Amino acid sequence: MKNYLLIFLIICFCPIHAQLILESTTLDEREVISGLNIPWEIKWGYDNYIWMTERPGIISRVNVETGEKNVILDIQNTVYSGNNEAGLLGMEFHPDFSDKHILFVTYTYTQGNQIKERLSSYTYNETSGILENEVILLDDINGYTTHIGSRILALNDYTILISTGDAQDQPASQDINEMTGKILRMDISDDNFGGIPMDNPIAESYVWSWGHRNAQGLELAPNGIIYSSEHGPNNDDELNILVPNRNYGWPNVQGFCDEPTEMNFCVDNNIVEPLINWTPTIAPSDIIWYNHPAIPEFQNTLLMTVLKDKMLVRFQFTDNGQTVASETEFFNYEWGRLRDICISDDGRIY
């Protein structure tokens, strides 16, 4: 059986055209575009283009057939990117993007001598082909050169989730009055655009869950479960199931509640333990649910890109989605660090 896997290569020292064997399926690989400046987020667009952020402050549309790159937003003069992890990061389409043309983005900037993070929306002008009319929705989040998060995930109820890193202020992750080290939830309905959802677990707060270190993957599975991948320190990278009004332990708990001091904290604070953890760390990044028959080995599984160990990981779950049934590594060190992943409507993977 032959299907097609097209990898959107961030760093590539491999042949332009190659084939890979994935269990019983042969996959074709080709490079779509090169010469990019730290691409961070890629999304498959309604227009069959890849929409992409580059960390210095660029958003582009990429024609996957020709490799042509069209810059639709350049805010390099506003974005603080530095030499580490900060910059223009997460991006997500409004659920009604084809009608409203609203795109959400997160980026870091400087305020005096401090690094801050914000969430904004832009409107895509189809006539001019640019993003315009920035609306700052959430501002003045403490930032840093590292541990910024930040993924954005649109849910089916016209809310979005946003991950924030601990910004190297570890205790703040346990402080529900701080925005760092959290999963935030925002209303994006017409009646309360940018507001706090009425059913958020903490009244008048965007905080949805806390005790996070640096979540760089968010995905809503067809069964309604929200999964998250998260970086640990030198140990205990995690794959989590996210639920509201719960504490995920950082920095008091790393991975499972398996140390004496962790056990006490877990009992006292109703800590959610990860589905799976990795020590030594692998640096998990984006996750996405693959639900297309084009590649049978991946159908109905969660796929995760990995930076440090340079691979793609497939997770198969038990029927209720609450337990990892198997974890399989693919393409180990085939390319470079794999930051992000998206899937086209015909099941191709980038």
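Just above, that's the structure.
Attention here is on the structure that accompanies the text. Since the model is a prediction, treat every value here as computed from it, not as a measurement.

Re the overall build of the protein
Then, number 1: When helices and strands are counted, the protein shows two helices and 23 strands.
Then, number 2: Relative to the globule expectation of 20 Å for 350 residues, the C-alpha radius of gyration of the protein, 19 Å, shows essentially globular dimensions.
Then, number 3: With the principal axes as the frame, the protein shows a C-alpha extent of 55 × 45 × 35 Å.
Then, number 4: For the protein, the residues scored as buried account for 59% of the 350 residues in total.
Then, number 5: For the protein, the proportion of contacts with a sequence separation of at least 24, taken over those separated by at least 6, is 53%.
Then, number 6: Within the structure as shown, the protein displays about 14500 Å² of accessible surface, and the carbon and sulfur contribution to it stands at 44%.
Then, number 7: Seen as two clouds, the 20 positive and the 50 negative side-chain charges of the protein have centres 5 Å apart.

So, the environment of Gly 217
Then, number 1: Position of Gly 217 relative to the elements: it lies in strand S16 (residues 215-220).
Then, number 2: Gly 217 sits in the buried class, given a relative accessible area of 0%.
Then, number 3: Sequence spacing of Gly 217 and Gln 322 is 105 residues, and the spatial spacing of their C-alpha atoms is 17 Å.
Then, number 4: When near neighbours in sequence (up to four residues on either side) are disregarded, Gly 217 contacts Arg 151, Tyr 227, Ser 228, Ser 229, Ser 285, Asp 286 and Ile 287.

Side note on unusual backbone geometry
Then, number 1: Omega for the bond connecting Trp 250 with Pro 251 falls within 30 degrees of zero, at 0 degrees, which places this linkage in the cis form.
Then, number 2: Topologically, Pro 251 is positioned in the loop between strand S18 (237-242) and helix H2 (260-269).
Then, number 3: Here the bond from Thr 279 into Pro 280 is cis, since omega is 0 degrees, no more than 30 degrees from zero.
Then, number 4: Although it is not a glycine, Asp 236 adopts a positive phi angle of roughly 60 degrees.
Then, number 5: With respect to the helices and strands, the residue Asp 236 is situated in the loop between strand S17 (226-230) and S18.

Parameters at a glance
Residues numbered from 1 in each chain as written. Predicted model: local features only at pLDDT ≥ 70, side-chain atom pairs only at ≥ 80, totals over all residues. Heavy atoms only, no water. Helix = DSSP H or I, 4+ residues; strand = E, 2+ residues; numbered from the N terminus. Rg over C-alpha atoms; globule rule 2.2 N^0.38 Å. Buried < 20%, exposed > 50% of the residue type's maximum accessible area, 1.4 Å probe, protein only. Contact = heavy atoms within 4.5 Å. Areas by Shrake-Rupley, 256 points an atom, 1.4 Å probe, with all protein chains shown as cover. Lys, Arg positive; Asp, Glu negative; His and termini not counted. Charge placed at Lys NZ, Arg CZ, Asp CG, Glu CD.

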